[in-house]
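Listed here are the chains, written in short residue letters.
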Amino acid sequence: MTTEKGYLGVTPPISTAESTEREKEVTSTLMEELRQQNTFESVDESRLSLFSASSGEAGDAEVAFSIFRRESVLGRVAAVVKKFVYEVSLSRGLSEVAANAAGGKIFTFGSYRLGVHSPGSDIDTLCVVPKHVSREDFFETFEKMLAAVEGATEVSGVPEAYVPIVKAKISGIPLDFLMARLALSSIPDDLSLQDDNLLRNLDERCVRSLGGSRVNDEILRLVPNVEVYRDSLRCIKLWAQRRAIYSNVNGFFGGVAWAILVARICQLYPNATAGAIVSRFFIIMYQWSWPQPVLLKQIEEGPLQVRVWNPKLYPADRSHRMPIITPAYPAMCSTHNVTASTQMIVTEEFKKGADIVDKVIVGTASWSELFQKHDFFHKYRYYLQVIASTASADTQIKWAGTVESRIRQLVMKLEYVDSLILAHPFIKGFDQISHCITEEEVRQVAQGQISDTVAKRTKADIEGVDGASTVFSTTFYIGLLIEPKPLNAVGPRKLDISYPTTEFSKLVKMWEKYDEDSMGLVVRNIKSSALPDYVFDEGERHPKQVLKRPKTGKGSGKSSNTSPDMPNKKRRLVQTYSYAFTIDLAWLRAQQIGHDARWRKYYSGLVVLKCAATWRNQRRVCSYQQGRQ
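Residues numbered from 1 in each chain as written. Predicted model: local features only at pLDDT ≥ 70, side-chain atom pairs only at ≥ 80, totals over all residues. Heavy atoms only, no water.

- The chain carries the name Poly(A) polymerase in an unreviewed UniProt entry, which gives Rhizopogon vinicolor AM-OR11-026 as its organism.
- Check the Sequence similarities (unreviewed entry) section of the UniProt entry for the chain; it says "Belongs to the poly(A) polymerase family."
- Its UniProt record, at the heading Catalytic activity (unreviewed entry), says of the chain: "RNA(n) + ATP = RNA(n)-3'-adenine ribonucleotide + diphosphate". (UniProt positions renumbered as here; feature names shortened; annotations may be inferred.)

A word on the sheet that holds strand 4 (residues 165-170)
Thinking step 1. Across the sheet, five strands lie side by side as 1-2-5-4-3; this open sheet has mixed pairing. Edge positions in the open sheet fall to strand 1 (105-109) and strand 3 (152-158), since each of these has one partner strand only. Adjacent strand axes in the sheet meet at a mean angle of 25°, parallel and antiparallel pairs treated alike.
Thinking step 2. Here five bridges tie strand 4 to strand 5 (residues 173-181), and the two strands are oriented antiparallel to one another. Within the sheet, the bridge partner assigned to Lys-169 lies in strand 5 and is Pro-174.
Thinking step 3. On the sheet, helix 5 (residues 135-147) packs against strand 2 (123-129), strand 3, strand 4 and strand 5 and is oriented at approximately 170° with respect to strand 3.
Thinking step 4. Strand contacts of helix 6 (residues 204-222): strand 1, strand 2 and strand 5, with the helix running at about 120° to strand 5, the strand carrying the most contacts. (Pairing = 2+ DSSP bridges. Helix = DSSP H or I, 4+ residues; strand = E, 2+ residues; numbered from the N terminus. Axes fitted to C-alpha atoms, helices over the stretch in contact; angles between N-to-C directions. Contact = heavy atoms within 4.5 Å.)

Brief notes about the pattern of salt bridges
Think of it this way: side chains of opposite charge can pair up when their charged atoms draw near.
Thinking step 1. Under the defined criterion, the tally for this structure stands at 23 salt bridges.
Thinking step 2. Lys-297 serves as the salt-bridge partner of Glu-300, at 3.1 Å between the closest nitrogen and oxygen.
Thinking step 3. A relative accessible area of 36% places Glu-300 in the partly exposed class.
Thinking step 4. The class of Lys-297 is buried, set by a relative accessible area of 18%. (Salt bridge = Lys/Arg side-chain N within 4 Å of Asp/Glu carboxyl O. Buried < 20%, exposed > 50% of the residue type's maximum accessible area, 1.4 Å probe, protein only.)

Structural notes on the environment of Glu-87
Thinking step 1. Assignment of secondary structure puts Glu-87 in helix 2 (residues 69-91).
Thinking step 2. Through-space distance from the C-alpha of Glu-87 to that of Phe-142 is 9.9 Å; in sequence the pair is 55 residues apart.

Thoughts on the confidence of the model for the chain
Segments scoring low in pLDDT should not have their predicted coordinates read at a detailed level.
Thinking step 1. Taken over all residues, the pLDDT of the chain has a mean of 83, while the share at 70 or more is 81%.
Thinking step 2. Low pLDDT, under 50, characterises residues 592-629; the stretch is placed with 83 contacts to residues that sit more than four places away or in other chains. (pLDDT = per-residue confidence, 0-100.)

Quick look at the pairing of strand 1
Thinking step 1. Within strand 1, five of the five residues are buried, which leaves it mostly tucked inside the rest of the structure.
Thinking step 2. Burial along strand 1 is two-sided: the residues Lys-105, Phe-107 and Phe-109 and Ile-106 and Thr-108 are all buried.
Thinking step 3. In terms of strand pairing, strand 1 meets strand 2 through five bridges, oriented antiparallel. Counterpart to Phe-109 in the pairing with strand 2 is Asp-124.

As for helix 9 (residues 274-286)
Thinking step 1. With 13 residues, helix 9 ought to run about 18 Å at 1.5 Å a step, and its terminal C-alpha atoms sit 18 Å apart, in line with that.
Thinking step 2. Counting buried residues along helix 9, twelve of its 13 residues qualify, which places the element largely inside the surrounding structure.
Thinking step 3. Among the residues of helix 9, those classed as buried are Ala-274, Gly-275, Ala-276, Ile-277, Val-278, Ser-279, Arg-280, Phe-281, Phe-282, Ile-283, Ile-284 and Met-285. (Expected span 1.5 Å × (residues − 1).)

Structure (structure tokens):
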């Protein structure tokens, strides 16, 4: 697809040249590595890339008629949605004929819709219902009906989320369900979501829910080569997951944001191969002039009374640190959750990725180095544990989800603490089931102190024991980077985090379903040496006791042949390669900023990250410098 301008995007391409032979070679090795990393789902498991519930949309090859595992699950879900609408319609007084005609339809979005799903990935599913079906019906009636489906487990609704969601597993396949209620009396089977008029008279939550499917369709229409885009996106998604920066709820980038970033690079290099797109992705993103927004097309105002992202009009939009704007109307910021800390972390990962890919291009590194596991649990000396616990498996899913959705608020409060440079949230919680026989064991488990005896105990061990109980707990972690102790400072340093942790506890306990007697919440700090074994993979070395910073002086240490001052031909090749793209990026900035003068005044005050040398104990000393673009 090309526009009247002859190109896709808000600026002309940086280069329309074909990829070099070397870039084609690294693309071939990249695809081989992605296969070895098991990022492609086998045909035997599912023909997912051929299926879309919104049949006929762009990017679909054909409808897969054979019954495969995922398609079968989606077919059952579609039937449940129709049954749900039918029953609610009858309860509203509609006749049986009208209730049958009320319809109900599912649309897929996310990695499933984009065709970049991997084995074990979830299916993002939108349930579209008529106007007489309420959101309360969705979280009360539909959630119960879903739990009754054969093979359904871990069904849990989070109605308070920014985009209200129901999570479930059916036949082992995870699904995330959103709901959108249209201002229609019935939902026809051939409904398409492309019509902007469908957004009339909808509340903001329904508009956000519809956005997922509409945005995915628009992205596929705005990239010059869908296959190159998909291969590139697979690589970036895997990298982001391995580096633990793939989580919208925790303040990093979610799937939509990563998809838009890769699409933008594809627009700038329309004839490049996947390997070339990935290399340019890291260099451009590392040097991007945030908070300049990433756009795939000009923002459309539209005739409807719905909010469109506009930092000139809305102060909240002006506060977004790394705005990545969705291309479908109404334009929204997909990265509104990013905090000062997560911006620093993502920027650092972009820089590391750029360094590795530069080496891949010149042949001094392999793609496998890009996908190395994160070092979160080796990186900091101090961590915060946030422990959510209950006595019920079903309640725990809801309670843990509620706590996780508020972790970002805790991070933002911690950023105001003196002497704390950075608060780094981990992207997932760790679930534990502990079988206790005394009240003291229950208390210790709720505090995050699970003894070896309790950890080894099974459910059979407590059967028939008076006073025995099972505790379900989920623990979240936040790494704390503390300022170095000033020279000549006397006495121990104090880090007071009582206010942010207390405020966080109050915020979480405001949940309308919170029960003080059955739900526990503990926030405590621990040293890296006290991290439990379950946060490490099998065989992964437990972090050693962090040593004090070694004294340095004249003549200390041995000389190294890897000094940056030593001549190195391959290093110069890497520097030359990076320099070429720095020039390209300067051109891009001039084009991007000049394309719409309305945004110029908001691009000043750019936060520039400086990272000092890393200590041997893996603490980093970072500082901010306020500069002007």
